[in-house]
Amino acid sequence: MEQLFPSLDKVIFLDDDVVIQRDLSPLWEIELEGKVNAAVETCRGEDQWVMSKRFRNYFNFSHPLIAGNLNPDECAWAYGMNIFDLRAWRRTNIRDTYHSWLKENLKSNLTLWKLGTLPPALIAFKGHVHPIDSSWHLLGLGYQAKTSIKSVKAAAVIHYNGQSKPWLPIGFEHLRPFWTKHVNYSNDFIRNCHILES
């Protein structure tokens, strides 16, 4: 990312399955204290299912390369609403670390971690993450049916990560309206996609 935007010093990254519910401009004022990535930690919080993620949830600690380099109790962080300090990123080897671990996983026949983009990022950004308040990014709306409506309403960004996307029949009905209220159903493309209305 730091190479994609050579003239920028900071970016806010938003995944394609998020809904922004309030002004995000205060994120620019968060001081990252030399860190590269500001993110919500996913090992603390009221929701014990979504907010209980540590490295042990993502990595195969029976593999010696993982066991020798990572701590299973290390706190994971959320990908999908992040602030990246590109100046700080340019002073690191994050990109090389990420690619190196991808190669190691391929050499191990994909046995180092569960599939997905988060595990290699957890390794590459290790030591480069500045935690932010969990009210900025509420995740799990695509796999946690028990998500509190009060928490959804209070979050700046809600994230439908997981397989139960709000536009699919398997999406959780009580969480779908937070997404569908922003969809223009009169758009030809949207109508042709047969996206569910709430």
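Above this text is the structure in question.
Residues numbered from 1 in each chain as written. Predicted model: local features only at pLDDT ≥ 70, side-chain atom pairs only at ≥ 80, totals over all residues. Heavy atoms only, no water.

Chemist: Explanation requested: the sheet that holds strand β1 (residues 10-14) in the structure shown.
Modeler: Strand pairing in a sheet relies on backbone hydrogen bonds. The paired strands run either parallel or antiparallel. In spatial order, the strands read β1-β4-β3-β5; together these 4 strands make up an open sheet with mixed pairing. At either margin of the open sheet sits one strand with a lone partner, and together these are β1 and β5 (129-132). Here the average twist between neighbouring strands, direction ignored, is 25°. Pairing geometry for strand β3 (residues 37-40) and β5, over 4 bridges, is parallel. Paired with Ala39 across the two strands is Pro131, which belongs to β5. (Pairing = 2+ DSSP bridges. Helix = DSSP H or I, 4+ residues; strand = E, 2+ residues; numbered from the N terminus. Axes fitted to C-alpha atoms, helices over the stretch in contact; angles between N-to-C directions.)

Chemist: For this particular structure, what's the right way to read the packing of aromatic side chains?
Modeler: In this description, an aromatic ring pair is defined by two values, namely the gap between the centres and the angle between the planes. Inspection of the entire model under this criterion finds 11 aromatic pairs. Seen from their ring centres, Phe55 and Phe59 are 5.3 Å apart, and the 45° between their planes marks the pair as tilted. Seen in terms of ring centroids, Trp77 and Tyr79 are 6.0 Å apart; in terms of plane orientation they differ by 65°. Their pairing is edge-to-face. Relative accessible area serves as the criterion here: at 29%, Tyr79 is assigned to the partly exposed category. By the ring-pair criterion, three or more aromatic residues cluster together here, those being Phe13, Trp77, Tyr79, Phe84, Trp89 and Phe125. For the cation-ring pair, Arg22 lies above Trp136, with the distance from its terminal atom to the ring centre recorded as 5.0 Å. (Phe/Tyr/Trp six-rings, centres within 6.5 Å; stacked < 30°, edge-to-face > 60°. Buried < 20%, exposed > 50% of the residue type's maximum accessible area, 1.4 Å probe, protein only. Lys NZ or Arg CZ within 6 Å of the ring centre and 35° of its normal.)

Chemist: Help me understand the layout of surface pockets, please; the structure alone is not making it clear to me.
Modeler: If a probe the size of a water molecule is rolled over the atoms, the empty space left behind becomes visible. One number sums up the size of the largest pocket: a volume of about 490 Å³. Lining the largest pocket are 21 residues; nearest its centre among them are Tyr58, Leu118, Leu139, Tyr143 and Asn161. Its volume calculated, the second largest pocket comes out at about 410 Å³. Surrounding the second largest pocket, 18 residues form its lining, Glu46, Asp47, Ser134, Leu138 and Ser151 being those nearest its centre. Mapped onto the lining of the second largest pocket, the elements with two or more residues apiece are β6 (137-138) and α5 (149-154). (1 Å grid on protein atoms, 1.4 Å probe; cavity = no way out; pocket = protein on both sides within 12 Å on 5 of 7 lines; lining within 4 Å. Points joined across faces, edges and corners; volume = space filled by probe spheres on them.)

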